[in-house]
Amino acid sequence: MKYDFDEIIDRKGTNAMNTDGFREYLFQPADDIAFPYADDEFIRMWVADMEFAAPPEIIQAVKDRLDKRIFGYTKVFDPNYYLSVTNWTQRHYQWTFEKEHLVTSPGIIPALYELVEYICKPDEKVLIFTPSYAHFKHAVDYNHLELVCSDLINQQGYYTMNFDDLDAKTKNEKISLCIFCNPHNPSGRVWTPEELKRFGRICLKNNVWIISDEIHCDLLRNGNVHTPLAKLFPHSDRIITCMGASKTFNMAGLMFSNIIIPCNEIRDIWKARHYSLENPLSIAATQAAYQYGDEWLEQLKCYLDGNFDFTRQYLETCLPKAVFRIPEATYLAWVNIRAYLPREENLSLYFASNAGVLLEGGNMFVANSDGYIRLNLACPRSVLEEGLKRICKALG
Ligand SMILES: Cc1ncc(COP(=O)(O)O)c(C=O)c1O
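Keep in mind that this is a model prediction, so the values were computed, not measured.

(A) Region of the structure containing the overall build of the chain. Along the chain, the regular secondary structure elements total 14 helices and 14 strands. Here the chain has a C-alpha radius of gyration of 21 Å; the compact-globule value for 396 residues is 21 Å, and the two agree. Its C-alpha atoms put the chain at 60 × 55 × 45 Å along the principal axes. When each of the 396 residues of the chain is scored for burial, the buried share is 58%. Residue pairs in contact within the chain that sit at least 24 positions apart in sequence constitute 76% of those at least 6 positions apart. On the chain, roughly 17,600 Å² of surface is accessible, and the fraction owed to carbon and sulfur atoms is 49%.

Here is the structure:
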């Protein structure tokens, strides 16, 4: 391997959410809780960023930009940015989009909060599939709209959409938008083209807009293929696609993402109301990621595949009653441990207190997620092994 994913990098002193923000995010009220572990003794398997260094090609691009020495007001003007993104989507997904449709945002989460407001009227509802990434719900709550959940069907850890439920809800309730996760966090499903077509047809037939959050689309287990939802519906302008290099290349803190809005009317609202200036270092990093990141990503995917195999074997041996399948995408393991902790509700607190492991679980994923923990496996294997050892010991 050209890149070293075994290196343990000290994140102290970087204001990382992962190391310094866990009390605030996972535990309320944060300051009152004392754990039998010092903060730096925890194995951190919670928030979805990685313990790996970003690719040196990206770091070099940021250094090159620093060398220009002036950091004035900035926005994407250079057409090479668009070309770097569409070359990437063409290379990886055989899909491109019009230049005019691309806008950028300081993250997909802020874009979701805005788009919900721009698309929905005050009496309309928004549908999400559960379990769900919690910010989908937060974006709806923030806009004071009603949330409608459609539970995914779970067969031994393999999740599918309940199309009858989706059809009934989008037909009968005043739902104008679905926020969709493709591939799905937390289950890790890579939806097949057939599933995507069926899903898209139901929504469009019932006049439901779709925001397809594809932030995890580059992080697939080898052998899987991602299909952008919009690729299957080239004539619809009601599908907004969110993509980014931030999750793929571990630079979420640079806060930059691509939002592809084919509908002129919504894009005009976006342009009128969105504060559109950007961070010059983020633009340089993202463009470099799309231009030079392929080899690093290939190696990352192999390392993650290894971490998932390791985890499967470990859990089969040490927690045989846990239900776990290697996900098709993401670096997140979604593990049902209900057999071991049938009554425990606050799983984050349980594992922080009893195992010294920081993780997310249960109702942090909105609904249909009782008894589940989500483990972030994007860490050196030695760290992963220690985390799994502690989890198994706490449950054993
Ligand atoms: C489905 C999904 N969307 C969005 C985000 C975060 O997006 P951003 O960092 O671009 O705001 C995450 C991060 O975990 C995610 O899992």
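Anyway, onward from the coordinates.
(B) The arrangement of the site of the ligand in detail. Contacts to the ligand come from Ala48, Gly107, Ile108, Ile109, Pro110, Tyr133, Cys181, Asn185, Asp213, Ile215, His216 and Lys247. Measuring from an oxygen atom of the ligand, one finds a side-chain N or O atom of Lys247 at 2.6 Å. Taking 400 Å² as the accessible area of the ligand by itself, protein coverage stands at 90%. If you tally residues by element for the shell around the ligand, the top one is helix H5 (residues 108-119), at 3 residues. Taken together, the residues of the shell around the ligand break down into 7 nonpolar, 3 polar and 2 charged.

(C) Spatial organisation of the environment of Ala230. Mapped onto the secondary structure, Ala230 falls in helix H9 (residues 229-232). For Ala230 and His92, which are 138 residues apart along the polypeptide, the C-alpha to C-alpha distance reads 15 Å. Beyond its immediate stretch of four places on either side in the chain, Ala230 contacts Trp95, Ile239 and Thr241.

(D) Just the packing of helix H13 (residues 347-354) against helix H14 (residues 381-395), in detail. One way to put it is that H13 packs onto H14 with a least axis distance of 10 Å and a crossing angle of 100 degrees. Comparing the axis directions of H13 and H14 gives the class roughly perpendicular. Contact residues: H13 offers Tyr350, Phe351 and Asn354, while H14 offers Ile391, Ala394 and Leu395.

(E) Highlighting the nonpolar core. One finds Phe129, Phe180, Phe199, Phe249 and Leu300 to be the most contacted residues of the largest nonpolar core, which totals 60 residues. Residues Tyr314, Leu319, Tyr340 and Ala394 belong to the second largest nonpolar core, which totals 30 residues.

(F) Geometry of a nonpolar patch on the surface. A cluster of nonpolar side chains, namely Tyr73, Tyr275 and Leu277, defines an oily patch on the protein surface of about 430 Å² accessible area. On the secondary structure map, Leu277 appears in the loop between helix H10 (264-273) and helix H11 (280-292).

(G) The packing of aromatic side chains, seen in detail. Following the criterion strictly, the structure yields 26 aromatic pairs and no others. Between Phe27 and Phe35, the ring centres sit 5.1 Å apart and the planes meet at 55 degrees, which makes this aromatic pair tilted. Side by side, Phe27 and Phe35 carry an identical accessibility label, which is buried. One cation-aromatic arrangement involves Lys321 over Tyr340; the distance from NZ or CZ to the ring centre is 5.3 Å. The side chain of Arg381 reaches across the aromatic face of Tyr303, ending 4.7 Å from its centre.

(H) Spatial organisation of helix H4 (residues 79-93). The end-to-end C-alpha separation of H4 is 21 Å, in line with the 21 Å expected for 15 residues at 1.5 Å each. When H4 is considered as a whole, its buried residues turn out to be Tyr81, Tyr82, Ser84, Val85, Thr86, Trp88, Thr89 and Tyr93. Tucked inside the fold, the buried residues of H4 contact strand S2 (102-105), H9, strand S9 (239-243), strand S10 (257-260), H11 and helix H12 (294-318). A distance of 2.8 Å separates the backbone nitrogen of Asn80 from a side-chain oxygen at the start of H4, and that oxygen is part of Asp78.

(I) Highlighting the sheet that holds strand S8 (residues 209-213). Across the sheet, which stays open at both edges, the 7 strands sit in the order S2-S10-S9-S8-S7-S3-S4 with mixed pairing between neighbours. Either end of the sheet is taken by a strand with one partner, and the two such strands are S2 and strand S4 (146-151). In this sheet, adjacent strand axes meet at a mean angle of 25 degrees when their direction is disregarded. Where S8 lies against S9, 4 bridges are found, and the strand directions are parallel. Residue pairing for S9: Ser212 is matched across the bridge by Thr241. The strands that helix H7 (residues 163-172) touches are strand S3 (125-130), S4 and strand S7 (175-181); relative to S4, the one it contacts most, it runs at about 160 degrees.

Definitions and limits used
Residues numbered from 1 in each chain as written. Predicted model: local features only at pLDDT ≥ 70, side-chain atom pairs only at ≥ 80, totals over all residues. Heavy atoms only, no water. Helix = DSSP H or I, 4+ residues; strand = E, 2+ residues; numbered from the N terminus. Rg over C-alpha atoms; globule rule 2.2 N^0.38 Å. Buried < 20%, exposed > 50% of the residue type's maximum accessible area, 1.4 Å probe, protein only. Contact = heavy atoms within 4.5 Å. Areas by Shrake-Rupley, 256 points an atom, 1.4 Å probe, with all protein chains shown as cover. Near = heavy atom within 4 Å. Polar contact = N/O pair within 3.5 Å; in protein donor to acceptor, adjacent residues only side chain to side chain. Nonpolar A, V, L, I, M, F, W, Y, C, P; charged D, E, K, R; others polar. Axes fitted to C-alpha atoms, helices over the stretch in contact; angles between N-to-C directions. Parallel < 35°, antiparallel > 145°, perpendicular 65-115°, else oblique. Core = buried A, V, L, I, M, F, W, Y, C linked by side-chain atoms within 4.5 Å. Patch = residues over 30% accessible without salt bridge, like charges linked within 9 Å, V, L, I, M, F, W, Y side chains within 5 Å. Salt bridge = Lys/Arg side-chain N within 4 Å of Asp/Glu carboxyl O. Phe/Tyr/Trp six-rings, centres within 6.5 Å; stacked < 30°, edge-to-face > 60°. Lys NZ or Arg CZ within 6 Å of the ring centre and 35° of its normal. Expected span 1.5 Å × (residues − 1). Pairing = 2+ DSSP bridges.

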